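Fold and geometry: a report
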Amino acid sequence: MTDTAYDRIRVVVVDDHAVMRAGVIALLTNEPTIEIVGEANDGREGVDLVERLAPDVALPDLRMPVLDGVAATTEIVALPVATRVLILTTYDTDVEIERAVEAGAVGYLLKDTTREQLADAIRSAARGETVLAPKVAERLVARMRRPAPVALTARERDVLKAVADGLSNAEIGRRLVIGEATVKTHLLRVFAKLDVSDRTRAVVVALERGLLAHS
């Protein structure tokens, strides 16, 4: 595919809001490299349209009747056509973004995007490139930078709770009816999971992450 007036990128717009749908179409009407070949007002109609027209890019909203954007994306990706799905929506929650990407969307844009940004995104999507609205990209990067979720076993929590109560390893062993060596083993595992090197820091981090109830 080439971005020329003679080989334009064929696009279908799928949105249950007629005004919004018309707005998107109006934004793209004068783009020489893009041609709107169809529009649909729900996900099911959108999938049928893609199957019939085999456009280069589908622009579905996320929340629609009959079939939502994620379900429509899943079905479009499964079709024997080379249509790329670029979500265009107002929703930017982590859950919504992840569901769309997992369904097979190559991009995720918000409806406050400019005409130039939308056109550039469609061209990128047609080439199979990932396209994310700046706000969406920021959310994903922030999410990736969060500490990985940590899960302590019931016994590790018991040991750490005893540490928080000020007990020594020997005292913890007596309370939990386990050997002192076993107490040390549990503590080492806790240190590794929480990326700490001492008992006090382990308790502080566990409390910060909600892994240990406050006394």
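Above this text you will find the structure in question.
How each quantity is defined
Residues numbered from 1 in each chain as written. Predicted model: local features only at pLDDT ≥ 70, side-chain atom pairs only at ≥ 80, totals over all residues. Heavy atoms only, no water. Pairing = 2+ DSSP bridges. Helix = DSSP H or I, 4+ residues; strand = E, 2+ residues; numbered from the N terminus. Core = buried A, V, L, I, M, F, W, Y, C linked by side-chain atoms within 4.5 Å. Buried < 20%, exposed > 50% of the residue type's maximum accessible area, 1.4 Å probe, protein only. Contact = heavy atoms within 4.5 Å. Axes fitted to C-alpha atoms, helices over the stretch in contact; angles between N-to-C directions.

Note that strand S1 (residues 9–14) and strand S2 (residues 34–40) share six bridges and pair parallel. Across the sheet, residue Val 11 finds its bridge partner in S2, namely Ile 36.

Counting 44 residues, the largest nonpolar core has Val 57, Leu 59, Leu 86, Tyr 108, Leu 109, Leu 118 and Ile 122 as the members making the most contacts within it. Per-element tally for this core: the top contributor is helix H5 (residues 115–126), with six residues. Apart from residues lying up to four places away in sequence, Leu 59 is in contact with Val 11, Val 12, Val 13, Val 14, Val 24, Leu 28, Leu 86, Leu 118 and Ile 122. Core analysis: the second largest hydrophobic core is formed by 22 residues, Leu 152, Val 159, Leu 167 and Leu 176 among them.

Our focus in this paragraph is the side chain of Asp 15. Mapped onto the elements, Asp 15 comes out in the loop between S1 and helix H1 (18–28). Take Asp 15: its relative accessible area is 3%, and that puts it in the buried class. Residues within four places of Asp 15 in sequence aside, it is in contact with Met 20, Arg 21, Ala 40, Asn 41, Asp 61, Met 64 and Lys 111.

Before going further, it helps to spend a moment on unusual backbone geometry. Despite not being glycine, Ala 54 has its phi angle at roughly 50 degrees, a positive value. The backbone of Val 177 shows a phi angle near 55 degrees, a positive value even though the residue is not glycine. Among the secondary structure elements, Val 177 is positioned in the loop between helix H8 (169–176) and helix H9 (180–194).

Before going further, it helps to examine the sheet that holds strand S4 (residues 84–89). Strand order in the open sheet formed by six strands is S2-S1-S3-S4-S5-S6, and the pairing between neighbours is parallel. Strand pairing shows two members of the sheet lacking a second neighbour, S2 and strand S6 (131–132), which therefore form its edges. Sheet topology places strand S5 (residues 107–110) next to S6; two bridges connect them, and they run parallel. Directly across from Gly 107, in S6, lies its bridge partner Val 131. Against the sheet, H5 engages S1, S2, strand S3 (57–60), S4, S5 and S6, with an angle of about 155 degrees to S4.

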